[in-house]
Amino acid sequence: MPTVSLDIERRVAISLAVGRYLRSAERFNEASRDFTGACKSLRKHLGSGQRFVVQVDFKHYIVTSDRDGNFDVEAITSL
């Protein structure tokens, strides 16, 4: 791999970009763990063959689940 001499502005820009990447990767991994945990919790509480409406944060959703543990949460505009 050839060695390239970088000026100070480019080194600073690269350092800032790497820092942004690392912080974003950490937030992404944290969100991914949170999402996985939320899915596991929802599967545990749902049961199979369900269909009902829930209200969360003043919005309504249709929740359905099948016998294999798959589920869908779909936003609806009104009841």
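Above this text you will find the structure in question.
Since the model is a prediction, treat every value here as computed from it, not as a measurement.

Novice: I keep staring at the overall build of the protein chain and nothing clicks. Help me out?
Specialist: A count of helices and strands for the protein chain gives 1 helix and 3 strands. Helices (α) and strands (β) of the protein chain occur, in sequence order from the N terminus, as α-β-β-β. The C-alpha radius of gyration of the protein chain comes to 22 Å, more than 25% above the 12 Å expected for a compact globule of 79 residues. Each principal axis of the C-alpha atoms in the protein chain carries an extent, and together these give about 65 × 30 × 15 Å. For the protein chain, the distance from the average position of its 12 positive side-chain charges to the average position of its 10 negative side-chain charges is 3 Å.

Novice: Can you help me understand the sheet that holds strand β2 (residues 59-65) in this one?
Specialist: One key point about sheets: their strands pair by backbone hydrogen bonds, in either a parallel or an antiparallel sense. Read across the open sheet, the 3 strands follow the order β1-β2-β3; overall the sheet is antiparallel. Edge positions in the sheet fall to β1 (51-56) and β3 (71-76), since each of these pairs with one other strand and no more. Direction aside, neighbouring strands of the sheet carry axes that sit 30° apart on average. Along the sheet, helix α1 (residues 8-46) makes contact with β1, β2 and β3, crossing β3 at roughly 95°.

Novice: Could you clarify how one ought to interpret the pairing of β1 in this entry?
Specialist: If a strand is regular, its side chains alternate between the two faces of the sheet. Pairing between β1 and β2: 6 bridges, direction antiparallel. Each bridged residue has a counterpart across the sheet, and for F52 the counterpart in β2 is V63. Joining the antiparallel neighbours β1 and β2 is a turn of 2 residues, in which D57 adopts a positive phi near 50°.

Novice: So what exactly am I meant to see when it comes to the environment of H60 here?
Specialist: One can find H60 in strand β2. Along the backbone, H60 and A75 are 15 residues apart, and their C-alpha atoms lie at a distance of 6.1 Å.

Novice: How should I be thinking about the pairing of β2 in this particular structure?
Specialist: Summarising the sheet, β2 and β3 pair through 6 bridges and their orientation is antiparallel. Residue pairing for β3: V63 is matched across the bridge by V73.

Novice: Sorry if this is basic, but what is going on with unusual backbone geometry here?
Specialist: If a residue is not glycine, its phi is most likely negative; likewise, a peptide bond is most likely trans. Look at D57: it is not a glycine, yet its phi comes out positive at around 50°. Locating D57 in the fold gives a position in the loop between β1 and β2. The class for D57 is exposed, based on a relative accessible area of 66%. You will see that F58, though not glycine, has its phi angle at about 65°, which is positive. Its place among the elements puts F58 in the loop between β1 and β2. A residue is classified by how much of its surface remains accessible, and F58, at 77% relative accessible area, is exposed.

About the thresholds
- Residues numbered from 1 in each chain as written.
- Predicted model: local features only at pLDDT ≥ 70, side-chain atom pairs only at ≥ 80, totals over all residues.
- Heavy atoms only, no water.
- Helix = DSSP H or I, 4+ residues; strand = E, 2+ residues; numbered from the N terminus.
- Rg over C-alpha atoms; globule rule 2.2 N^0.38 Å.
- Lys, Arg positive; Asp, Glu negative; His and termini not counted.
- Charge placed at Lys NZ, Arg CZ, Asp CG, Glu CD.
- Pairing = 2+ DSSP bridges.
- Axes fitted to C-alpha atoms, helices over the stretch in contact; angles between N-to-C directions.
- Contact = heavy atoms within 4.5 Å.
- Buried < 20%, exposed > 50% of the residue type's maximum accessible area, 1.4 Å probe, protein only.

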